[in-house]
Amino acid sequence: MKKEDINTIEEENKTAAENVAAENVEDTAGKAEDEAVAEPEAVAEGEAEAEEKDPLEVAKAEIEELKKQALYKQAEFDNFRKRTMKEKAELILSGGEKTITAILPVLDDFERALQDKSDDPDAVREGMKLIFSKFIKTLEQLGVKKIETDDVDFNVDFHESVALVPGMGEDKKGKVIDCVQTGYMLNDKVIRYAKVAVGQ
């Protein structure tokens, strides 16, 4: 092969290599340009989406959601109120059931005492005492207690003065002398004040 031919081949190879390098540079530049163009397009799309979500629409959607929650809570409260009122009404109507059930055995004793044909006054008195004792125990089980009046200081929280008794001496002044009507408490609440005479 001649020297001239070798030089020609080398020049052709060199030209081809330069062409390939130039193509690579152009491809890279083209890709960079495409990416640069794509990036603003993506940003523009994001901005368009943000613009699509109008603040007014977002606020309206939130208001609708809050309205739904408020309606749900209101319905829930109404159900609770109705259920509570129903339970309260049932309690009022059947609240005395426990008391009546507890007293019925005492009523049975009274019926048996009335059916008894005994003429012995002592036996009748003894039977009445037993029934009375049973009745007091039943009341105590229900939370009813007698207000004490025997030789205690007059107390407006438990006693109601119906008479003042003068001349009882200094040691009886301001004390309960006599109980006209017994007072009772239900679970530490006065349900009837004791009517008493007080020393003056």
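This write-up is about the structure you can find in this document. (Residues numbered from 1 in each chain as written. Predicted model: local features only at pLDDT ≥ 70, side-chain atom pairs only at ≥ 80, totals over all residues. Heavy atoms only, no water.)

1. Some points on helix α4 (residues 121-141)
In this model, α4 (21 residues) spans 30 Å end to end at C-alpha, consistent with the 30 Å of a helix rising 1.5 Å per residue. Among all positions in α4, only I131, T138 and L139 are buried. Mapping the buried residues of α4 onto a view down its axis gives an arc of 95 degrees, with all of them on the same face. For α4, exposure combined with an orientation more than 90 degrees from the buried face picks out D122, K129, L130, K137, E140 and Q141. Those residues of α4 that are buried lie in contact with α3 (97-115) and β1 (144-146). (Helix = DSSP H or I, 4+ residues; strand = E, 2+ residues; numbered from the N terminus. Expected span 1.5 Å × (residues − 1). Buried < 20%, exposed > 50% of the residue type's maximum accessible area, 1.4 Å probe, protein only. Arc of directions from axis to C-beta. Contact = heavy atoms within 4.5 Å.)

2. Notes on the packing of α3 against α4
In contact at an axis separation of 9 Å, α3 and α4 are set at 175 degrees when each is read in the N-to-C sense. Between α3 and α4, the angle falls in the class roughly antiparallel. In contact with A102, I103, P105, V106, D109, F110 and A113 of α3, α4 contributes M128, I131, K134, F135 and T138. Here the contact of α3 with α4 is composed, by residue class, of nine nonpolar, one polar and two charged. (Axes fitted to C-alpha atoms, helices over the stretch in contact; angles between N-to-C directions. Parallel < 35°, antiparallel > 145°, perpendicular 65-115°, else oblique. Nonpolar A, V, L, I, M, F, W, Y, C, P; charged D, E, K, R; others polar.)

3. Examining the side chain of T149
Structurally, the position occupied by T149 is in the loop between β1 and β2 (159-165). Judged by relative accessible area, T149 falls into the buried class, the value being 8%. In this view, T149 contacts H159, V176, C179, A194 and V196; residues no more than four positions away in its chain are not counted.

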